[in-house]
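Architecture at a glance
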Amino acid sequence: MSNFIPGQPLIAVVLRIEIKKLRQGDNLILGFSIGGGIDQDPGQNPFSDDKTDKGIYVTRITPGGPAEEADLRMGDKIMQVNGYDMTMMTHDQARKRLTKKNEDVVRLLVTRKSLEEAVKHSMGSYPRQ
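Rules used in this analysis
- Residues numbered from 1 in each chain as written.
- Predicted model: local features only at pLDDT ≥ 70, side-chain atom pairs only at ≥ 80, totals over all residues.
- Heavy atoms only, no water.
- Buried < 20%, exposed > 50% of the residue type's maximum accessible area, 1.4 Å probe, protein only.
- Helix = DSSP H or I, 4+ residues; strand = E, 2+ residues; numbered from the N terminus.
- Pairing = 2+ DSSP bridges.
- Contact = heavy atoms within 4.5 Å.
- Core = buried A, V, L, I, M, F, W, Y, C linked by side-chain atoms within 4.5 Å.
- Salt bridge = Lys/Arg side-chain N within 4 Å of Asp/Glu carboxyl O.
- Phe/Tyr/Trp six-rings, centres within 6.5 Å; stacked < 30°, edge-to-face > 60°.
- Lys NZ or Arg CZ within 6 Å of the ring centre and 35° of its normal.
- 1 Å grid on protein atoms, 1.4 Å probe; cavity = no way out; pocket = protein on both sides within 12 Å on 5 of 7 lines; lining within 4 Å.
- Points joined across faces, edges and corners; volume = space filled by probe spheres on them.
- Nonpolar A, V, L, I, M, F, W, Y, C, P; charged D, E, K, R; others polar.

Quick word on unusual backbone geometry
Here the phi dihedral of Asp 71 falls at roughly 70°; this positive angle occurs in a residue that is not glycine. Even without being glycine, Asn 82 reaches a positive phi, approximately 45°.

This is how it looks when you write it as structure tokens:
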């Protein structure tokens, strides 16, 4: 995270993001890549603070693609896809869940670490003397 300042609190915000897949021939394009899964080495995940975290993370966003338009961001952790829990899936299961041919829209529940939100919360909750 480029905007991280040591000593600043980071909090995770939960967001609902809806991505309309882009049809290209027979393919439906989401415009992002994922990393992680219970079958992967969590120590290799650059986005997790906890190196035992086997969650599914967004690792790449295609510029101008459907995911970018929906404001999905690199480093977002995918918790649910269309209501299905994604926290205990293999990488392949997660990929298949995201790329189902009969779904034009993918509704994601993601957590995002947000310094901005943490700053807003801390400013709002403590009256200055």
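Examining the pairing of strand β4 (residues 32-36)
Every regular strand shows the same layout, with side chains that alternate between the two sheet faces. A large share of β4 lies buried, amounting to four of its five residues. Where β4 and strand β5 (residues 56-61) come together, five bridges link them in antiparallel fashion. Across the sheet, residue Phe 32 finds its bridge partner in β5, namely Ile 61.

A look at the environment of Ala 94
Structurally, Ala 94 is set in helix α2 (residues 91-98). Put simply, Ala 94 and Ile 56 are 38 residues apart on the chain and 7.5 Å apart in space, counted from C-alpha to C-alpha. For Ala 94, the contacting residues outside a window of four places in its chain are Ile 34, Ile 56, Met 86 and Met 89.

Regarding the side chain of Arg 112
Position of Arg 112 relative to the elements: it lies in strand β8 (residues 105-114). Residues in contact with Arg 112, not counting those within four places in the same chain, are Ile 11, Ala 12, Val 13, Leu 15, Ile 17, Asp 71, Leu 72, Arg 73 and Asp 76.

Details of the nonpolar core
Counting 19 residues, the largest nonpolar core has Ile 19, Phe 32, Leu 72, Ile 78, Leu 98 and Leu 108 as its most contacted members. Those elements giving two or more residues to this core turn out to be β1 (11-20), β4, β5, β6 (77-81), α2 and β8.

Section: the pattern of salt bridges
By the definition in use, this model includes eight salt bridges. One salt bridge connects Glu 18 with Arg 107, and the closest N-O pair in it is separated by 3.0 Å. Residue Glu 18 is located in strand β1, and its partner Arg 107 is located in strand β8; the two are separated by 89 residues in the primary sequence. On the accessibility criterion, Glu 18 (49% relative accessible area) is partly exposed. When its relative accessible area of 48% is taken as the criterion, Arg 107 is described as partly exposed.

Section: the packing of aromatic side chains
To describe a pair of aromatic rings, one takes the distance between the centres and the angle between the planes. What the rule picks out here adds up to zero aromatic pairs. One Lys or Arg, Arg 97, reaches over the ring of Tyr 84 and ends 3.6 Å from the middle of that ring.

Digging into the layout of surface pockets
Regions of empty space are outlined by a rolling probe, equal in size to a water molecule, passed over the atoms. In this model, the second largest pocket occupies a volume close to 200 Å³. If you go around the second largest pocket, the residues you meet are Leu 28, Ile 29, Leu 30, Gly 31, Phe 32, Ser 33, Ile 34, Arg 60, Thr 62, Arg 95, Leu 98 and Thr 99. Contributions of two or more residues to the lining of the second largest pocket are made by β3 (27-29), β4 and α2. Counting residues per element, the lining of the second largest pocket draws most heavily on β4, at three residues. The residue inventory of the lining of the second largest pocket, partitioned by class, reads six nonpolar, four polar and two charged.

Everything listed is a geometric property; what it means functionally is a separate question.
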